[in-house]
Amino acid sequence: MIPAAFDYVRAGSAEEALAALAEHGDEAKLMAGGHSLIPLMRFRLVTPGVVVDVGNIDGDLRGIRVDGDVVRIGALTRHSELEHSTDLAASCPLLAHVASVVGDPSVRHRGTLGGSLAHADPASDLPAAILALGGSLVARGPGGEREIAASDFFTGFLESALAPDELLTEVRVPVSTGGWNYQKFNRRAQDWAIVAVAVSDGGKGVSLVNMGSTPLRATAVEEAVAGGASAAEAAAHAADGTTPPEDLNGDADYRSHLARVLTERALNAAGLA
Amino acid sequence: MAVTEDTTNAGGIGARMLRKEDGKLVTGESKFIDDIHVPGELWMGMVRSTMAHARITSIDTSAAASMPGVHSVLTGAQLADMDLWAAPLPCAWPVTDDMANPPHWPVVPEVVHHVGDIVAVVLADSRYQAADAVEQVIVEYESLPAVASIEQAIADTNLAHTDLSTNKAYTWAIAPDPEGTQAAFDAAAHKVSCRFVQQRLIPAAMEPRGVLAVPSPMGGDITLYSATQVPHILKVMMAATTGIPENMIRVVAPSVGGGFGAKLNINPDESLALVLAHRLGRAVRWTETRSEAAGSTHQGRGQIQHVELASDANGKLTAIRVKIDADMGAYMMLITPGTPLLGSFLYHGVYETPKFSFTCEGWFTNRTPTDAYRGAGRPEASYAIERAMDMLSYEVGIDPIEIRRRNYINGGEPFEMWENPAGIFFDSGHYTPTLDRALEMADVAGLRAEQQARRDAGSSKQLGIGLCTYVEICGLAPSRALGGLKYAAGGWEHSTVRLLPTGKVEVVSGSTPHGQGHETSWSQIIATKMGISPDDVTVLHSDTAKSPLGLDTYGSRSLAVGGVAISMAADKVIEKARLIAAHQFEAAPEDVEFTDGSFSVAGSPSKSVHIQELGFAAFSAHDLPDGMEPNLQEQVSFDPPNFAFPFGTHVAVVEVDEDTGGVELIGYFAVDDCGNQVNPMIVEGQVHGGVVQGAAQALYEIAVYDDDANITNPSLMDYLVPSAAEMPSIVTDSTCTPSTTNPLGVKGVGEAGTIGSAAAVINAVVDALRPHGITDMKMPATPMRVRRAIEAANGGAS
Amino acid sequence: MSAGAVRVRLSVNGESHEIEVEPRTLLVHALRDSIGLTGTNVGCDTSSCGACTILVDGRSAKSCTMLAVQAEGSEIVTIEGLAATSDGDGLHPMQEAFHECHGLQCGYCTPGMILASVSLVDEYPDLDDKKVREGLEGNLCRCTGYHNIVRAVLTAAGKEA
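Keep in mind that this is a model prediction, so the values were computed, not measured.

Turning next to the overall build of chain A. Secondary structure summary: chain A contains twelve helices and 14 strands in total. Over its C-alpha atoms chain A spans a radius of gyration of 18 Å, differing by no more than 12% from the 19 Å that the globule rule assigns to 273 residues. Along the three orthogonal principal directions, the C-alpha set of chain A runs to about 55 × 45 × 30 Å. Looking at the 273 residues of chain A, the share that counts as buried comes to 59%. A fraction of 61% describes how many contacts in chain A between residues 6 or more apart in sequence connect residues 24 or more apart. Surface summary for chain A: the accessible area is close to 9700 Å², and the carbon and sulfur share equals 48%.

Next comes the structure, spelled out in structure tokens:
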């Protein structure tokens, strides 16, 4: 399985990347680590005319900085860097942990946080972590930078609020050391989650993986927790309002059931009785 | 004869000798098919049918043909006009005289019969150009109703082949006494009736298949490199189906990255590469992509099994009746029809039963053809009887261990040449020790206590313990027996052993390795037989120019047939060398002894010569006995008098998360008896890998087809070959009951692990769920399936 | 340079290479076809099997899920160059351990499995049986059942009991 031919632009800086996007318009596709894009291109499910490679841009686009009560993460920071960062483990252990269960080690060495979020796959782990943490994403475009709340970012299946001429530069999450947990249920360790649940801050933030066409916040669970519900009571609402996908690993009912089971486990592990 | 462990030579029979093969493999020096290139080679790109059953109405190749680097694009109709083939692709096992066998052409001329059938072939200068051109070939079809399942095939509403009157390909039975069998059921105190589904499996050897045909610049000879298990069979079949004379075809299997049966076929791509290279005078190659493989390489299993057991009040079997419906897929490939029958003699397992009846019906569907996959018919049989025995134990109300003990052949005591109810003779067996040892290793008593504690505590993580005591038939095979089964080839194996002038030994092996370590094991046999270092042995194999005679590697036959041939050829070399030694000693041959590699005369210590020293004498031929031919080279074609019947007991331990339905295999214990072992390290490795393949069938793998007979999970992203993370360490041990079939007393172990493990794992899953009243679980036991079973058993969603 | 070809400079097994490739060329094909190092194998097309695993700047990567152009400026180690990265004249300890522990049969997954293991041992210091198994989640083997592969990795890591 070989990608269809395309033209290639290696961007040395964010500005070069933005210029290439402006020049090539809809024909262009940004590539960071390539671990979401290349598999799609190999099956020719995606056939961009131009690939704009931002993977070699260094500087502000890579790295983890704790800035008061906010953790700022360059969009090109690789999963393995999140996984091994002692700063992140101390300031936002949920995100460090979730990064450690993405794909497999080889994937984590290449895949980037920004790439994963921009791909907006509802089955991916990292979007759920950012959602549960109430994080935000910084996009840079021709008109400058804007900050998009994670809860506004995921707009459809593999679709995000990122404009075609914008580049994701930074991800911001609050310092969050309250009770957290991530329950990922899959059949093989390397696989995408059939369903996963991320819980932050003792249940204030709860999000769901692979329970709809986008990564989802489990707002009914969050509200129940806020209202004083027990873990079991709150988890009963995990599938409320969702339309889970159906595939070989699970139909909608089974996914809904898993969401409830995993949410209860995650809330318990995060310290909610 | 029992061969005891060689204590005089670290590399002889019985030694855990490290493999000779490894050096090239751990450094990347090995050449697999895709690593071999020749100048001017053309890449084939296959245009494959996207429809399961359809008539081709048009193929537009014009855009593809004009693309850069494209040499030509050939459709099935065009290829048919080129008169390239003498016959369709072969089926070597027409199991009945009236078996239906619709023609299987390498490229379909008119009607496609499964997704993946080739409709046109692109020839291009590079892999990438071929892939691009394939995308540009426009094929239009008129859809025909597809047969997407065995059930649909049986219904016969739609026909998989419209020129046949039924989807049924054949009916094959061993039913010596149907009335007596029925009477036993009528009189039984206990009966169970089970329906099991052997889901289709994708063999998924890690190396995809590939082929490279290289014509010689003049003279018409052609070399076919193929990632195949069966270079010798491939050569014969290529000659027979293409009309290219056999003496002009050389087949080479380079390093082959696993086979598991999937590389024992005669495939469209191999035939295409050969005839196109022959016709064009240019090298032609192809490498399969993984996602293509679901339609380009045969699949395994694919059966619905109906198994009935009858017993007396104590659970002693009185009759077994089996009916299987086997999915042939779209075509009869090399041994498609016979594969389910390889298990036919084993549906009584390790148990005595007075009455036995087996019937198999083969059915065409519009799916990828089935054929041999690790175990080939025997894992299915073992699964059926071992699952059914657990179900009988529930019915009788006794422990699964106890019901096995009550039914073991010869009461669990040792036996030789036991005639089974299907009329074949088990060479040797002794079943109780493998059971006792496995129970001890697994600490089944302790596990039962832990299981009860978890049940009492209402834990959501329940333990299950599953048992399988299997027997299998391998060492294929006595040629007469194969003839009786209408298998077209024999079952012998050939070997040549040469003592070279400098004292080194060259072994020519007809069996053809693809990961089994033949170079190591064959060297060990020679080391023990001839009293030399295994480092002095070279093994030639996998090239019909070096090894012209052979019947290759499948059915756990390499050691039990091929290894024995090597041992026998070594004996002949030793006997000839004895005559030379006697001549040098001026002694009578019968006074010359052979010990640890040296010939000597009893009572004359000065008269001694090592066999390796005689190589030069035989080569120079200056002073040989009168009338003796020069050189020390002997060959043997060994045709075994019987099959071999390895056996063993496996214990699987699973943890079932009742809330999610997730099953984790947390422990596995295997005690196997494959007779004498040449290299216990290699035996263990075969068991480890086999166990995981069977466990993978139990828990992970299934080729899923939709209602239109499209496979929905062809990639390794969706077809779940398990990784290390899903599998436990495997605890192994063995007992040794030598085979009576051959002078080495060896059986075979390549498939044993797979034959034992699927049943053990599912028995464990069901065991965990017994408190819910659950008695069976379909494979693969997916989390959703397990959870649904729990919900159903408890009256709906809980 | 053919139309659309891109020049890529990279180090492979300590040697500098400058190759011209189409942008779409997968790194594994560049290594195999342009540089002639065929030890890196292709086993799937979905990043699932890990047969193509190499070291890129010291860390394992799946070379079928990288474009050759992404390797610009990288230091790559393939199975052919692994032994030279270790002290001594012989094999790398991981290669040695796979041999000693019978951690390979057909050998097709082996180059990728060994390089993934080298990276794993380097990245995760406190390995045990479970962590090795989890760490090799992205490398499939059909022959060994993984038992002896896990033993080999623990042996090379000095963790075998």
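Further notes follow.
Okay, the confidence of the model for chain B next. Residue and element names in this part refer to chain B. Averaged over all residues, the pLDDT of chain B equals 96, while 98% of them reach at least 70. Low pLDDT, under 50, characterises residues 1–9; the predicted model gives this stretch 20 contacts beyond four residues in sequence or across chains. Per the prediction output, this complex has pTM 0.98; the corresponding ipTM is 0.98.

Further remarks concern unusual backbone geometry. Cis geometry marks the peptide bond from B:L476 to B:A477; its omega dihedral reads -5°. Looking at the secondary structure, you find B:A477 in the loop between β18 (461–471) and α14 (479–484). Despite not being glycine, A:R44 has its phi angle at roughly 55°, a positive value. Along the chain, the position of A:R44 falls in the loop between α2 (37–42) and β3 (50–53). According to the relative accessible area criterion, A:R44 is buried, its value standing at 18%.

Right, let's get into the pairing of strand β1 (residues 42–48) of chain B. Residues and elements named next belong to chain B. Summarising burial for β1: seven of the seven residues are buried, a large majority. By the alternation rule, side chains of β1 split into L42, M44, M46 and R48 and W43, G45 and V47, which are all buried. Relative to strand β5 (residues 118–124), β1 runs antiparallel, the two sharing six bridges. If you follow R48 over to β5, its bridge partner there is I118.

Our next topic: the domain arrangement of chain B. All names here are of chain B. Along its sequence, chain B is organised into domain 1 (22–30 + 492–638), domain 2 (33–144 + 208–256 + 263–296) and domain 3 (303–476 + 642–793). Taking only C-alpha atoms, the centre of domain 2 and the centre of domain 3 are 37 Å apart. Taken together, the 31 residues of domain 2 in the interface contact 27 residues of domain 3. Of all residues in domain 2, W93, H104 and A294 bury the most surface against domain 3, accounting for 24% of the area lost on that side. Run the count over domain 2 and domain 3 and you get zero salt bridges. Taken together, the elements giving at least two residues each to the side of domain 2 that touches domain 3 come down to α7 (231–242) and α9 (290–296). Looking at which element gives the most residues to the side of domain 2 that touches domain 3, the answer is α9, with four residues. Broken down by class, the residue content of the side of domain 2 that touches domain 3 amounts to 19 nonpolar, ten polar and two charged.

Cut-offs applied
- Counting of residues starts from 1 at the beginning of each chain's written sequence and follows it residue by residue.
- Chains carry letters and ligands carry numbers; both start at the beginning, A for chains and 1 for ligands, and go up in the order they are written.
- It should be noted that, the model being predicted, local features are given only for residues of pLDDT at least 70 and side-chain atom pairs only at 80 or more, the latter also being counted only at that level, while totals for whole chains, interfaces and linings use all residues.
- Only heavy atoms go into the side-chain values, all of them from the structure, while hydrogens and water stay out.
- Helix and strand definitions here come from DSSP, where helices need a minimum of 4 consecutive H or I residues and strands a minimum of 2 consecutive E residues; each element is numbered from the N-terminal end.
- We take the radius of gyration over the C-alpha atoms and set the globule estimate at 2.2 Å times the residue count to the 0.38 power.
- To sort residues, take the accessible area from a 1.4 Å probe on protein chains only and compare it with the maximum for the residue type: under 20% means buried, over 50% means exposed, and anything in between is partly exposed.
- Whether two residues touch is decided by their heavy atoms; if any such pair falls within 4.5 Å, the residues are in contact.
- Calculation of accessible area relied on Shrake-Rupley with a 1.4 Å probe; when residues are assessed, cover is drawn exclusively from the protein chains displayed.
- pLDDT is a per-residue confidence score from the predictor, ranging from 0 to 100.
- The pairing criterion is simple: DSSP has to find at least two bridges between the two strands.
- Annotation comment: domain bounds sourced from an automatic or database domain assignment.
- Buried area adds together the accessible area that both of two parts lose upon being put together, with accessible area traced by a 1.4 Å probe.
- Each reported salt bridge corresponds to a side-chain nitrogen of Lys or Arg within 4 Å of a carboxyl oxygen of Asp or Glu.
- For this classification, Asp, Glu, Lys and Arg are treated as charged, while Ala, Val, Leu, Ile, Met, Phe, Trp, Tyr, Cys and Pro are nonpolar and the rest, including Gly, are polar.

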